[in-house]
Amino acid sequence: SLDFWRLLYGLLKQIHGGKWTESDAIDNQIRFVKSALWYHGYGRPELYRLPSDGSAGSRELLLAFSWLLHRLSLLEQLLARNRVKTGDETSVCMCEDDLPNSQKGTTEIAPECGLEDRVDVRYLQWLNGRLRFQWRSLHALHQEQCKLLHKIHLFTSGSHTDQILGHFSVTETDLVRQPENYKQLLQLLESETMQLEAFLEWKQLEPVYWQWMETVLDNMAEEGNMSESQDAHVEKSGLPKETLCCPWADSLTGQIGRLSRDLMTLRDQLHELITHRKAVWCEKVKTREEELQKEWFSVTARKIQESVDLKLLDLAYLCAPKKKKHGSCRLVFRSKHPASKMGFGRSVSKDPVSAVSATDVIRELQMREASLERELKQLQEECRQRLDEIAEGLDGVICISP
C-alpha cells in the first residue's frame, strides 16, 4: 500500500507540475493524492476512508490507478510533459470554454481540505489582488520571452537546413554556442526513446490488464453482496435470539408492535395533511404567478430580447467553418518569403494546412474577448437591477451606486 501511495503521489505531482521528493511525509502524500483524485472527479468513497498512515487499501489504490489510466490518459500526459523539446513551442487553444463533464455539478468540498464556514472578505480581496498582480507579472514575462524569441529567430534566419523553418530554435542556438552540451541532449533523447518503446509495449499488453481489472471488479462486487446479505441476516435473526434467551422479550415485542401501528397511523395522517396543504399552496402560487406575469412580462421580454441579440451577434462567427487547434505548437518565424509563411504549426510539415497563423489566433481571442465583455455587461446590469430591488425594500437606508 505504501508503495502504491508513493507511486500515485509521484505521478499526480508530475501531472500538476509540482516538485516532489521521497522525503515528504506519507500523510502529506496521501492527503495530496486524495485531493487530486477528488479534483479530477474520482467519486468512490471507500478510497477517502482509507487511513492516513498508508497501512491499507492496495486494491482501492489499484482501482484509482486504473481509473486515472482510462479517464485522464495518464501515460499519454506523462509522455507529453516529459517530452524533449528541441523547438520553440507555445500553447494554442481555439476550443470553446465549456467545462468538461467531470467538473459540472461538483460543488462538494474536497475531503480533509475544506475551507472553514466563515471566511473574511478582506482576506478574499487580498487573494484577488495578489492573483491579479501575479497575472500581470506573468504576462510581462511572457512578453519579454516573445521579444527574445523574435530576436533569435530573426538573427538566425536562413541558417537552418530545413527551408520551411529557416531559423534556429533556442535549443539549437545553445548547441551552436556550446557544442559540448549535445551529450546531455543525446542522453535525454535516448531516455525519451526508451519511454516510447515501453509505452508501445504497454499498448500491446493493455487488453490483458483490463481483462484482469474486470475480474477484480467482479470479485469486489461479490464481496459487497456477501457483506450486505450477512448484515441483513444479522438484522433479521437478532430479535428471535433475544426472544429465546430473555423472558421479558414477548411483552417488549408487543409494545414495539403497538408503537409501529401508531407510527403508521401518524404517517398516514401527516401524508393527508401535507397533500391538503400542498394543494392549497399550489393554488396560491398559481394565483401569484398570474399576477407577476402581468407585471414582469415586459421585463422578461426585454431580457430575452437582449439574450437573443447577444447570441445573434456570435451566430455568424460560431457557424463559420474554422479549424480548432489545441495543444502545443511549434513557433515558426513568419518572414516575407512565401516558402516560410507558415505561422506556427503543430509539426514541421510542408503541408500548409496543418499550420495556424498568429493573426488567426489573435482574431479568435479578440472575438472571444468581445463576447465575454458583452456577457459581463449584461450580468452587471442584472445584478444592478437586483440590488436596486433589494434596496427599495430597506427602510431608512440610502444606497449610492458606485
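Residues numbered from 1 in each chain as written. Predicted model: local features only at pLDDT ≥ 70, side-chain atom pairs only at ≥ 80, totals over all residues. Heavy atoms only, no water.

When helices and strands are tallied, the chain shows 11 helices and 4 strands. Within the chain, contacts between residues at least 6 apart in sequence are counted, and of these 62% link residues at least 24 apart. Just so you have it, the chain exposes about 30700 Å², and 58% of that area is on carbon and sulfur atoms. (Helix = DSSP H or I, 4+ residues; strand = E, 2+ residues; numbered from the N terminus. Contact = heavy atoms within 4.5 Å. Areas by Shrake-Rupley, 256 points an atom, 1.4 Å probe, with all protein chains shown as cover.)

In this section: the side chain of glutamate 206. Take glutamate 206: it is sitting in helix α8 (residues 182-245). With a relative accessible area of 17%, glutamate 206 lands in the buried category. (Buried < 20%, exposed > 50% of the residue type's maximum accessible area, 1.4 Å probe, protein only.)

Moving on to the nonpolar core. Grouped burial of nonpolar side chains is what soluble globular proteins tend to show. Grouped together as the largest cluster of nonpolar side chains are 30 residues, with contacts concentrated most on Leu37, Tyr42, Leu47, Phe65, Leu68 and Leu74. Those elements that provide at least two residues to this core are α1 (2-15), α2 (26-40), α3 (45-48), α4 (58-71), α5 (74-81) and α8. By residue number, the principal contributor to this core is α4, which donates 8 residues. In this structure, Val92, Met94, Cys329 and Val361 belong to the second largest nonpolar core, which totals 5 residues. (Core = buried A, V, L, I, M, F, W, Y, C linked by side-chain atoms within 4.5 Å.)

Another point: a nonpolar patch on the surface. Residues Val119, Tyr123, Leu124, Trp126 and Leu127 make up a contiguous nonpolar surface patch of about 470 Å² in total accessible area. Mapped onto the secondary structure, tyrosine 123 falls in helix α6 (residues 121-155). Among the residues examined, tyrosine 123 registers a relative accessible area of 44% and is labelled partly exposed. (Patch = residues over 30% accessible without salt bridge, like charges linked within 9 Å, V, L, I, M, F, W, Y side chains within 5 Å. Salt bridge = Lys/Arg side-chain N within 4 Å of Asp/Glu carboxyl O.)

The subject of this paragraph is the packing of aromatic side chains. Each aromatic ring pair is summarised here by two numbers: the centre-to-centre distance and the angle between the ring planes. Inspection of every chain in the model, using the stated rule, returns 8 aromatic pairs. Seen from their ring centres, tyrosine 9 and phenylalanine 32 are 5.5 Å apart, and the 85 degrees between their planes marks the pair as edge-to-face. Here phenylalanine 32 lies in helix α2 and tyrosine 9 lies in helix α1, a separation of 23 residues in the sequence. On the basis of relative accessible area, tyrosine 9 is assigned to the buried category, the value being 5%. (Phe/Tyr/Trp six-rings, centres within 6.5 Å; stacked < 30°, edge-to-face > 60°.)

What follows covers the pattern of salt bridges. Inspection of the entire model under this criterion finds 9 salt bridges. Here glutamate 46 makes a salt bridge to arginine 44, at a shortest N to O gap of 3.7 Å. Accessibility expressed as a relative area gives 28% for arginine 44, which makes it partly exposed. Between arginine 44 and glutamate 60 there is a salt bridge, with the nearest N and O atoms lying 2.7 Å from each other. One end of the pair, arginine 44, is in the loop between α2 and α3; the other, glutamate 60, is in helix α4, with 16 residues separating them in the sequence. Classification of glutamate 60 by relative accessible area gives buried; the value is 10%. Connected through shared salt-bridge partners, Arg44, Glu46 and Glu60 make up one network.

Next up on the list: unusual backbone geometry. In this structure, serine 73 is a non-glycine residue whose phi angle is positive, near 50 degrees. The residue serine 73 is located in the loop between α4 and α5 in this model. Since its relative accessible area comes to 31%, serine 73 is described here as partly exposed.

This part covers the packing of α1 against α4. At a minimum axis separation of 10 Å, α1 and α4 run at an interaxial angle of 25 degrees. By the angle class used here, α1 and α4 are roughly parallel. Note that α1 runs across α4; the crossing there is left-handed. Across the interface between the two elements, Phe4, Trp5, Leu8, Leu11 and Leu12 of α1 pack against Ser58, Leu61, Leu62, Phe65 and Leu68 of α4. In the contact of α1 with α4, the residues fall into 9 nonpolar, 1 polar and no charged. (Axes fitted to C-alpha atoms, helices over the stretch in contact; angles between N-to-C directions. Parallel < 35°, antiparallel > 145°, perpendicular 65-115°, else oblique. Left-handed = near helix turned anticlockwise from the far one by under 90°. Nonpolar A, V, L, I, M, F, W, Y, C, P; charged D, E, K, R; others polar.)

Turning our eyes to something else, we now look at the packing of α1 against α5. Following both chains from N to C, one finds α1 and α5 inclined at 55 degrees, their axes separated by 10 Å at the closest point. In terms of axis orientation, α1 runs oblique to α5. In this structure, α1 meets α5 at a crossing whose hand is left-handed. Residues Leu11, Gln14 and Ile15 of α1 touch α5, and the partners they reach there are Leu74, Gln77, Leu78 and Arg81. Among the residues making up the contact of α1 with α5, the classes are represented as 4 nonpolar, 2 polar and 1 charged.

Another point: the environment of valine 216. Structurally, valine 216 is set in helix α8. Taking the C-alpha atoms as reference points, valine 216 and arginine 59, separated by 157 residues in sequence, lie 8.5 Å from one another.

Our focus in this paragraph is the confidence of the model for the chain. Note: predicted coordinates in regions of low pLDDT should not be interpreted at a detailed level. Of the residues in the chain, 73% have a pLDDT of 70 or more, and the chain-wide mean is 77. Mean pLDDT values for the elements of the chain range from 44 in strand β3 (residues 344-345) up to 91 in α6. This stretch, residues 98-116, has a pLDDT under 50; its non-local contacts, to residues over four places away or in other chains, come to 16 contacts. Note that residues 337-353 has pLDDT below 50 and, in this model, 46 contacts with residues that lie over four places away or in other chains. (pLDDT = per-residue confidence, 0-100.)

Turning next to the side chain of histidine 40. By secondary structure assignment, the location of histidine 40 is in helix α2. By relative accessible area, which is 14% here, histidine 40 ends up buried. At 3.1 Å, the side chain of histidine 40 and the side chain of histidine 16 are in polar contact. (Polar contact = N/O pair within 3.5 Å; in protein donor to acceptor, adjacent residues only side chain to side chain.)

Glancing now at the environment of serine 55. Mapping serine 55 onto the fold places it in the loop between α3 and α4. Judged by relative accessible area, which is 54%, serine 55 ranks as exposed. In sequence terms serine 55 and serine 1 are 54 residues apart; their C-alpha atoms lie 6.3 Å from each other. Reaching out from serine 55, the side chain makes a polar contact with the side chain of aspartate 53 at a distance of 3.1 Å.

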